[in-house]
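Below are the chains, spelled out letter by letter.
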Amino acid sequence: MSEHWRLSLSEGLSKMEEGALTATEWVRSLISRIDACEEQVKAWVQVDAQGALEAAKAIDDARSAGEALGPLAGAPYAAKDIFGIRGLKLEAGTGIFEGQTAAEDATCVARLRNAGAIALGKAVTTPFAQGDPSIARNPWNIERSPGGSSSGSAAAVGAGMVPAAFGSQTTGSTLRPAAYCGVPGLKPTYGRIPRTGVIEVSWNFDHLGVIARTVEDIAKILEVAAGPDGADHSAVDDPPPAANQMPRKPVKIAYLKHLLPLASEEVVEWTERAVSQVKSKGIDVHEVELPLSMDEINAAHFIARCVDSAACHEDLYAAHKDELPPYVRRSMTIGYMAPAVHYVKALRVRANFTRKMDDLMERYDLFALPSFDAGPPPWAESTGGPAMLQPLTFSGQPAITLPLGRGDMNLPLGIQFGAMRCGEEKLLATAKWFEDEMGWRAEFPEF
């Protein structure tokens, strides 16, 4: 069997345009990789092999006939199981929704479908995309967590079972899994990808994100998925970021070194080494502190997220409280008990913090900080800590994680870069420069 599964999304698209690969060949190769990995990694809720092969054949036939094709024609992807894909499961990682399927595509899924992308299936999520661990495993060490809540999305991309996947982030749920599994991941600006057709956790903090094998792959998907949507009031009204950006060397970076005491010794060592590499390239690095303490960020984010979760799922909580997993039940219960004045204060803290972060980012190309505070915990214990992901989720600014290499127990390490709101083009261009210049690229685990 061919190893087309090793292709990044961008490489596969190029080969199809050249006539060196068909969509059917690519999908078949990925299915073979799933067959080799899935028993151990447990990344998928549903693999729609038949539907993907039928869609691939239709793309191949259209290409052979000389028909006009979309920019992602033949590119396979997966979506976290809170995203609606018409006719596929929509169970949100919980037995409460067992057997539920989506009647319609989520807006971002519909956009990829119209661009010719092929949905290979649904990836495992933690229950209701919150903090209780899922069944998915880390492809680099199956005794360890792939992170959460986009567990299956990151594990599937990290293992080479699919070149790209949608995730979501309410605290750290796209970037931490991507970093744990050794692949790039993007949490765009809040509202950059519309949330219509995606099961909610918090309307103040839910960001839809992309996990893929390269920065270029992420840019191609973001260009199609992003953009205004009348059904989502939070959707950014700017045009989608263009994917065809050349790599761009940053000039000045704000290094949030004051957060390192929150991280493990290994994370500190790898982060400091990466920042030294950045400095060696002639990039100006300034040590800068967040305009709000982590305790205040954590408290305000936690209160607002819990209240949002309780409000989003009020009927569910009333009907199924005793069936909810511990983290979900606890956060919703706290949300119901939080006084309204605390919720309002939390949102005012967020607005003030976001304004100050916008002002700070005017002076720098990027923020730099670790992608997580400590390596992946045992898979059934936790999905990992939120400390390094919370600030830029709280402010709604875009952030990307890039793989640095592997450390203890063969587990990946990553570095995170953030940018000003709606600054994805610059963020992705500089991330591409780091990927090329530093060699911060995804690798494949052996199965």
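This text gives an overview of the structure that appears in the document. No experiment lies behind these values; they were computed from the predicted model shown. (Residues numbered from 1 in each chain as written. Predicted model: local features only at pLDDT ≥ 70, side-chain atom pairs only at ≥ 80, totals over all residues. Heavy atoms only, no water.)

**Thoughts on the pattern of salt bridges**
Next up, step 1: Counting across every chain of the model gives 18 salt bridges.
Next up, step 2: Across the salt bridge formed by Arg 6 and Glu 3, the nearest N and O atoms sit 2.7 Å from each other.
Next up, step 3: The class for Arg 6 is partly exposed, based on a relative accessible area of 32%.
Next up, step 4: Residue classification places Glu 3 among the partly exposed residues on the basis of a relative accessible area of 47%. (Salt bridge = Lys/Arg side-chain N within 4 Å of Asp/Glu carboxyl O. Buried < 20%, exposed > 50% of the residue type's maximum accessible area, 1.4 Å probe, protein only.)

**A short note on the sheet that holds strand S6 (residues 207-212)**
Next up, step 1: One open sheet holds the 11 strands; their spatial order is S1-S3-S2-S4-S6-S5-S10-S11-S9-S7-S8, and the pairing between them is mixed. Two strands lie at the open edges of the sheet, namely strand S1 (44-47) and strand S8 (284-287), each paired on one side alone. Neighbour-to-neighbour, the strand axes of this sheet turn through a mean angle of 25°, independent of strand direction.
Next up, step 2: Where strand S7 (residues 252-255) meets strand S9 (residues 366-370), three bridges bridge the pair, whose relative direction is parallel. (Pairing = 2+ DSSP bridges. Helix = DSSP H or I, 4+ residues; strand = E, 2+ residues; numbered from the N terminus. Axes fitted to C-alpha atoms, helices over the stretch in contact; angles between N-to-C directions.)

**Quick look at helix H5 (residues 151-159)**
Next up, step 1: With respect to burial, H5 is a largely interior element, nine of its nine residues being buried.
Next up, step 2: Among the residues of H5, those classed as buried are Ser 151, Gly 152, Ser 153, Ala 154, Ala 155, Ala 156, Val 157, Gly 158 and Ala 159.
Next up, step 3: Positive backbone phi, at 85°, marks Gly 160, one or two positions downstream of H5.

**So, the environment of Met 388**
Next up, step 1: Position of Met 388 relative to the elements: it lies in the loop between S9 and helix H13 (390-395).
Next up, step 2: Counting along the chain gives 234 residues from Met 388 to Ala 154, while the straight-line C-alpha distance between them is 18 Å.
Next up, step 3: Those residues within four positions of Met 388 in sequence are excluded, and the remaining contacts are Leu 259, Leu 262, Ala 263, Leu 369, Pro 370, Ser 371, Phe 372, Asp 373 and Gln 416. (Contact = heavy atoms within 4.5 Å.)

**Thoughts on helix H8 (residues 265-280)**
Next up, step 1: Between its terminal C-alpha atoms H8 stretches 23 Å, which fits the 22 Å expected from 16 residues at 1.5 Å a residue.
Next up, step 2: Inspection of H8 places Glu 266, Val 267, Trp 270, Thr 271, Ala 274, Val 275 and Val 278 among the buried residues, and these make up the whole buried set. An end-on view of H8 places all buried positions within 160° of arc, on one side of the element. Opposite the packed face of H8, turned more than 90 degrees from it, sit the exposed residues Glu 265 and Ser 280.
Next up, step 3: Structurally, H8 contributes buried residues whose contacts are with S7, S8, S9, strand S10 (399-406), strand S11 (412-418) and helix H14 (424-438). (Expected span 1.5 Å × (residues − 1). Arc of directions from axis to C-beta.)

**Let's talk about the packing of helix H4 (residues 107-114) against helix H7 (residues 215-225)**
Next up, step 1: Contact geometry for H4 and H7: axes closest at 8 Å, N-to-C directions at 110°. The angle between H4 and H7 places the two elements in the roughly perpendicular class. Residues Cys 108, Arg 111 and Leu 112 of H4 touch H7, and the partners they reach there are Ile 221, Val 224 and Ala 225.
Next up, step 2: Residue classes in the contact of H4 with H7 are distributed as five nonpolar, no polar and one charged. (Parallel < 35°, antiparallel > 145°, perpendicular 65-115°, else oblique. Nonpolar A, V, L, I, M, F, W, Y, C, P; charged D, E, K, R; others polar.)

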